[in-house]
Structures are given as C-alpha cells and as structure tokens.
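What follows is the residue order along each chain.
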Amino acid sequence: MLFEENTNWGCPPCFTANPVIHQFLEDYSPAQVIAVKWHVWWPAGNDPFYLHNPNPVQTRMAYYGINAAPDVVVDGANGPIPGSYGSMQQWVENRLALAFGELMVRGQS
C-alpha cells in the first residue's frame, strides 16, 4: 500500500502532524506500507526538498488536486486526516483488507 505524505518545512500544521505520521509509519512494516514524502512549495517556497525535485512534485500535486499541507493520499485516494492516528489507521486498514481480499479471491496468500 502506498502512503503519500504532502508536507513543507515551513508549514506549522506539518510540524504538528509529523510526529504522529512518523509513529504511525513505524507501526507498519514495509511489506504493508510504503511511504513517500512529497515536499510542496507552500507556505515556504524555499523548502530544499521541494527545490531539489520541483517537476515531479508539481505533477503529483496536480494529479491529486492537492492544495493544502499537510495532506495524505493512500493508494491514490486523498482522505486520511494527517496527524490523526485513528484516521490514517482506518484508511490504511481498509486498504490492506481490500488488498488481502483481492489476493484471497485470486487464490494467493
């Protein structure tokens, strides 16, 4: 399952959400959740992570229609509340259950 976090180094709400997101991701194995952190260009346009990779970030934000940070996208669906452990857990567990169900239907485990 792909967990994409949208953040910025000058974003006060991101500072609040980051510890919760980091703890959340530590509670899942890489076999369950692959995390990608996209640094956007707002509110601080001088975010060095954004400046190192602006074109892919802008393309990804346009694709998902992201216009706020922090934000989280799980397997292509924008929805969990970043910084809310329970919200992120619900989205991820629902997606993991769906993926497991799809494997069972195909006869894989």
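Throughout this description, residue numbers start from 1 for each chain and increase along the sequence as written. Given that the model is predicted, a residue must reach a pLDDT of at least 70 before its local features are reported, and side-chain atom pairs must reach 80 or more before they are shown or counted; all residues, however, enter totals for whole chains, interfaces and linings. Just so you know, side-chain values use all the structure's heavy atoms and leave hydrogens and water out.

## Remarks on the pairing of strand β2 (residues 34-39)
Working step 1: Should DSSP find at least two bridges between two strands, the strands are regarded as paired. Helix numbering and strand numbering both begin at the N terminus, where a helix is a DSSP run of H or I of at least 4 residues and a strand a DSSP run of E of at least 2. Bridge analysis of strand β1 (residues 2-7) against β2 gives six bridges, and the strand direction is parallel. By the bridge assignment for β2, Glu 5 is matched with Lys 37.
Working step 2: With the strands aimed away from the viewer, a crossover counts as right-handed if its path from the first strand over the helix to the second runs clockwise. Chirality of the crossover, the property in question, places the unit of β1, helix α1 (residues 12-26) and β2 among those that are right-handed.

## Some thoughts on the nonpolar core
Working step 1: Counting 13 residues, the largest nonpolar core has Met 1, Phe 3, Ile 21, Phe 24, Val 33 and Val 92 as its most contacted members.
Working step 2: Of all the secondary structure elements, the ones that give two or more residues to this core are α1, β3 (71-74) and α4 (85-105).
Working step 3: Within the second largest apolar cluster, eleven residues are counted, among which are Cys 11, Cys 14, Tyr 50 and Tyr 64. The nonpolar core is taken to be a set of buried Ala, Val, Leu, Ile, Met, Phe, Trp, Tyr and Cys residues, with the residues joined through side-chain atoms within 4.5 Å. Here the term buried applies to any residue with accessible area under 20% of the maximum for its type, exposed to any over 50%, and partly exposed to those in between, with areas from a 1.4 Å probe on protein chains only.

## Quick look at helix α3 (residues 54-64)
Working step 1: For α3, every residue scored as buried is listed here: Val 57, Met 61 and Tyr 64. Within α3, the buried residues cover an arc of 75 degrees as seen down the axis, which keeps them to one side. Those residues of α3 that are exposed and aimed more than 90 degrees away from the buried face are Asn 55, Thr 59, Ala 62 and Tyr 63.
Working step 2: We call two residues contacting when some pair of their heavy atoms lies within 4.5 Å. Elements that come into contact with the buried residues of α3 comprise β1, β2, α2 (48-52), β3 and β4 (77-78).
Working step 3: Just downstream of α3 lies Gly 65, where phi reads positive at about 70 degrees. This arc is taken over the directions from the axis of the helix to the C-beta atoms.

## Examining the side chain of His 39
Working step 1: Residue placement: His 39 occurs in strand β2.
Working step 2: With relative accessibility at 12%, the residue His 39 sits in the buried group.
Working step 3: Within the structure, the side chain of His 39 is placed 2.8 Å from the side chain of Asp 47, a separation counted as a polar contact.
Working step 4: With residues up to four places along the chain from it excluded, the contact list for His 39 reads Thr 7, Asn 8, Trp 9, Asp 47, Phe 49, Tyr 50 and Val 57. Here a polar contact is recorded for every N or O atom pair within 3.5 Å, except that within protein the pair must consist of a potential hydrogen donor and a potential acceptor, and residues adjacent in sequence are included only if both atoms are side-chain atoms.

## With respect to unusual backbone geometry
Working step 1: Geometrically, the link from Trp 42 to Pro 43 is a cis peptide bond, its omega value of -5 degrees lying close to zero.
Working step 2: Relative to the helices and strands, Pro 43 resides in the loop between β2 and α2.
Working step 3: Residue Pro 70 follows Ala 69 across a cis peptide bond; omega there is 5 degrees.
Working step 4: Tracing the sequence through the fold places Pro 70 in the loop between α3 and β3.
Working step 5: If you check the backbone angles, Asp 75 has positive phi at about 45 degrees while not being a glycine.
Working step 6: Counting through the fold element by element, Asp 75 comes out in the loop between β3 and β4.

## Side note on the confidence of the model for the chain
As a note on interpretation, predicted positions should not be read in detail where pLDDT is low.
Working step 1: Along the chain, pLDDT gives the predictor's confidence residue by residue, from 0 to 100. Residues of the chain with pLDDT of at least 70 account for 91%, and the chain-wide mean is 91.
Working step 2: When pLDDT is averaged over each helix and strand of the chain, the minimum, 82, is found for α4 and the maximum, 97, for α2.

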